[in-house]
Amino acid sequence: MKKTIIKTAQLSLLTALVISNVSWNAIPNDETNPPLITIKGFTFHDFNRNGKLDIWEDTRISANERIDAIIKEMTNAEKAELLIGTGMPGIEVLTGPIGDSKQGLVPGAAGGTAAFERFGIPATIVADGPAGLRIAPTRENDSKTYYATAFPVGTALASTWNKALLEEVGKAMGNEVKEYGVDVLLAPALNIQRNPLNGRNFEYYSEDPLISGKTAAAIVNGIQSQGVGTSIKHFAVNNEETNRLTINAHVSERAIRELYLKGFEIAVKESQPWTVMSSYNKLNGAYTSDRKDLLTEVLRNEWGFKGIVMTDWFGGFPGFETIKGGSNSDVVKQMIAGNDLLMPGIPVQKKALLEALNSGKLSQEVANTNAKRILEYIFRTPTFVKYKYSDKPNLIKNADVTRKAASEGMVLLKNTNNALPFADKQKEVSVFGVTSYAWITGGTGSGSVNNKHTVSLLEGLNAAGYKLDKELVDLYKPYADKEVAAEKERRKEKGVMALPERLPELKLTDDFIAKKAGSSEIAFVTLGRNSGEFNDRVVDNDFNLATEELEMLDKISKAFHEKGKKVVVILNIGGVIETASWKDKVDAVLLSWQPGQEGGHSVADVVSGKINPSGKLTMTFPVKYTDTPSAKNFPGFPVQNPKEVTYEEGIYVGYRYFNTFNIKPSYEFGFGNSYTTFDYTDVKLSSPTFTDKLTVSVTVKNTGKVSGKEVVEVYLSAPSKSIDKPKEELKAFGKTKELKPGESETLKLTLAPKDLASFLENKSAWVAEAGTYKVLIGASSLDIKKSAEFSVATEITVEKVNKSFEKDASFTELKP
Ligand code: BGC
């Protein structure tokens, strides 16, 4: 009320000034800049050059009122233009000619929104992606460079389980977004890693929604603290790349809500991202970008999302190839669903929007609601407030951030007889594996970054002062360079949609390896994998090691072990691979993921012991691919060209399956070794009964000889009288600070009512059953250190919702 009075007063003041014939002092202008007009010390831009002050030009008035005034004034054509993006220069490679695509001020950005000069609305810019800002590093007729930092891939970041560090990474990313003149980073990506073969798993965080949501929220908070936006994606159930624009995922409402939406829910509630990107796929028969239940009822009404929803690039089109033939998305449905902005935006969509507005098929009410949200977004962008970006982000500081984050995301899978750390800089190290010399920074596609240089393992070890076997380096280095060049050529030939291929390994004779085992103290062997948009990975020679890789490991292990020397495998991969068949042959396995541009330094920091590894797995490493619960439903049916995929495993994804069905994994969810050991003591619950919240506290003591951090995982085993439930589910986690030997820290972790609840489809409600709940405090999902119990006296209906996501096909879900 008070606000309204003040605003009315401001308005009337202005009206009074106008009426009382205040002299308007128009300052002459050039053609591009609107005239400046000053009245009684208040200067405004006369955007529409009509010589008077319109409401939207009056910056003393609230954004809300100015936005309403703009919408009132906008023509249908202008609204249609506002509701779609300005295209994506270069996309014609995939789609054929599609009309105008406007290159924004930042070349290489993925797209943007339109400018409306008469309202003083500038074109805003959005750019990928999850591992850092993706823009063109060089520009025509410009000697300056625009390199960005390649941060660790999403999976590596999530493996840190360190929210403060993730926020710091977000800040570093945000700094580059802002200083390169971009308004929104199209990240984070937090789809559930339902199956290890998803080609984009590297961009995502986990098979578990809590990790996904908390990781995303921390990164969003970091990025947005810099005054730029994010776009959490891909909303939702986009868990594979095969036929990603058309695949129809059949999923139960319970699995949708408990698994596939949960991470987004956490991210929205804990970080209010400026934007959400709807996904490509269909969900239970309808494109997600057409679904009002998803984009309005759940996202906005249930969770309180305040920003805009944009489509993924060509979301709602029945395939890139159909665009040439003039296909279109159902723009009216998308608008009604609450998908405010259609990206990248092409002329057929604009035409359809305009026709629909003119004919009334698209109501003014819907268009105005969506337009208003887009204007609200634009008003908060740095571009709108004319932020003077420097084109000089803090690349040096950010290189430190990525180096630190990458080493903290590394997971020490195996370390027999303390093979690591290996700190000896006098004795020789044999470095094998083509990937040691042709390091993989991150995955391919929109999730990749144009960074200036990537530090390979070779460079990292050299910089750390290791003495490397020179003969091996001289052999491998030119070989790796040649193979990298050949792969570049292959990809050029096969087109941007081609799956990146593994580089073939260099063949070495037994004698040669034996000679190295004689002269070196230890062997480091890197195995590499890459993947990206458009394709899922395959089992043979990708998930499973290739024969030549197994032979290489065999030979090296045999030769080095014969001489009493150790073998360390370094995994430079973006997603899960098979480890069970070969891990016993080697002494240590360090999962370094695709750790970004400083990767070689980060690995050197860990293998040398400068950094004690503290990352833990955010997904299960199965013994064999077919152990994966979704294996028989991935990527879908018909097998040759999938159109449908049925999530028959329901909520039993990842450890929820492996632990409930007692399937032994190679490495379980939550697992990760350290160079030290920890003790868990003094577990306390704030109450033996649950009312509205409960705190779990636990003291962690470093009982080993070196400093280190420990991730503490809190699982809940809930009563399951009314419905089946996983044996346990992760409900909270924390990470200690760096504890010195002998030092302790008490972590306090809170459980809220919704953490106890499962989604009951028959009641359309989140319900916490009455009964006894077991709190399991573990160093991994299978290594439970302590437990405690609390009870819920009577059933709690935590939240009642509208029935949504009706199935379009019947199927039986897996039950224990
Ligand atoms: C990807 C999105 C990305 C967009 C813009 C799409 O192909 O799925 O993740 O943000 O392109 O580059």
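Residues numbered from 1 in each chain as written. Predicted model: local features only at pLDDT ≥ 70, side-chain atom pairs only at ≥ 80, totals over all residues. Heavy atoms only, no water.

A. Representation of the sheet that holds strand S29 (residues 771–778). Within the open sheet, the four strands sit side by side as S25-S24-S29-S30. Their pairing is antiparallel. Strands at the two margins of the open sheet, each flanked by one partner only, are strand S25 (729–735) and strand S30 (784–792). Recorded for the sheet is a direction-independent mean angle of 20° between the axes of neighbouring strands. (Pairing = 2+ DSSP bridges. Helix = DSSP H or I, 4+ residues; strand = E, 2+ residues; numbered from the N terminus. Axes fitted to C-alpha atoms, helices over the stretch in contact; angles between N-to-C directions.)

B. View of the pairing of strand S23 (residues 694–702). Counted residue by residue, S23 has eight buried out of nine residues, so it is predominantly covered. Sheet analysis places strand S22 (residues 678–685) next to S23, joined by six bridges and oriented antiparallel. Each bridged residue has a counterpart across the sheet, and for Asp679 the counterpart in S23 is Lys701. Looking at chain direction, S23 and strand S26 (residues 744–751) are connected through eight bridges and run antiparallel. The residue bridging Val696 from the neighbouring strand is Leu749, located in S26. (Buried < 20%, exposed > 50% of the residue type's maximum accessible area, 1.4 Å probe, protein only.)

C. Local environment of the sheet that holds S26. Spatial ordering of the open sheet is given by S22-S23-S26, a layout of three strands whose pairing is antiparallel. With partners counted over all chains shown, the strands left at the sheet margins are S22 and S26, one partner each. In this sheet, neighbouring strand axes are inclined to one another by 20° on average, regardless of whether the strands run parallel or antiparallel.

D. Region of the structure containing helix H14 (residues 364–380). Given a rise of 1.5 Å per residue, 17 residues ought to cover 24 Å, and the 24 Å separating the end C-alpha atoms of H14 matches this to within 8%. Along H14, the residues classified as buried are Ala367, Asn370, Ala371, Arg373, Ile374, Leu375, Tyr377, Ile378 and Phe379. (Expected span 1.5 Å × (residues − 1).)

E. A look at the site of the ligand. Close contacts around the ligand come from 13 residues, with Asp128, Arg200, His234, Asp312 and Glu533 the closest. A distance of 3.1 Å is found between an oxygen atom of the ligand and a side-chain nitrogen or oxygen belonging to Tyr280. Here an oxygen atom of the ligand and a side-chain polar atom of Glu533 are 2.6 Å apart. Relative to its unbound accessible surface of 310 Å², the ligand loses 95% to contact with the protein. Looking at the shell around the ligand residue by residue, the class counts come to five nonpolar, two polar and six charged. (Near = heavy atom within 4 Å. Polar contact = N/O pair within 3.5 Å; in protein donor to acceptor, adjacent residues only side chain to side chain. Areas by Shrake-Rupley, 256 points an atom, 1.4 Å probe, with all protein chains shown as cover. Nonpolar A, V, L, I, M, F, W, Y, C, P; charged D, E, K, R; others polar.)

F. Spotlight on the nonpolar core. Membership of the largest hydrophobic core comes to 79 residues, with the highest contact counts inside it found for Leu133, Phe235, Val251, Tyr260, Leu261 and Leu730. Considering each element in turn, this core owes the most residues, seven residues, to helix H7 (residues 209–224). Residues contacting Leu133, with those up to four places away along its chain left out, are Ala127, Asp128, Ala148, Glu176, Val177, Tyr180, Val182, Leu185 and Val449. Counting residues in hydrophobic clusters, the runner-up holds 74 residues, among them Ala438, Leu508, Leu527 and Ile570. (Core = buried A, V, L, I, M, F, W, Y, C linked by side-chain atoms within 4.5 Å. Contact = heavy atoms within 4.5 Å.)

G. Region of the structure containing the side chain of Asn191. By secondary structure assignment, the location of Asn191 is in the loop between strand S8 (184–186) and H7. In terms of polar contacts, Asn191 uses its side chain to reach the side chain of Tyr204, at 3.4 Å. A distance of 2.7 Å separates a polar side-chain atom of Asn191 from the backbone oxygen of His234. In this structure Asn191 touches Tyr204, Tyr205, Ser206, Lys233, His234, Ala236, Val237, Asn238, Asn239 and Phe264, once residues within four positions along its chain are discounted.

H. Here's a closer look at a nonpolar patch on the surface. A cluster of nonpolar side chains, contributed by Leu105, Val385, Tyr387 and Tyr389, occupies part of the molecular surface with about 390 Å² of accessible area. Looking at the element boundaries, Leu105 is found in the loop between helix H4 (92–95) and strand S4 (111–112). When its relative accessible area of 65% is taken as the criterion, Leu105 is described as exposed. (Patch = residues over 30% accessible without salt bridge, like charges linked within 9 Å, V, L, I, M, F, W, Y side chains within 5 Å. Salt bridge = Lys/Arg side-chain N within 4 Å of Asp/Glu carboxyl O.)

I. Region of the structure containing the packing of helix H19 (residues 510–519) against helix H21 (residues 547–562). Running from N to C, H19 and H21 point in directions that differ by 45°, and their axes come no closer than 8 Å. The angle between H19 and H21 falls in the class oblique. Here H19 runs over H21; the crossing is right-handed. The residues of H21 that touch H19, namely those facing Asp510, Ile513, Ala514, Lys516 and Ala517, are Lys555, Ile556, Ala559 and Phe560. Here the residues of the contact of H19 with H21 sort into six nonpolar, no polar and three charged. (Parallel < 35°, antiparallel > 145°, perpendicular 65-115°, else oblique. Left-handed = near helix turned anticlockwise from the far one by under 90°.)

By themselves these figures say nothing about function.
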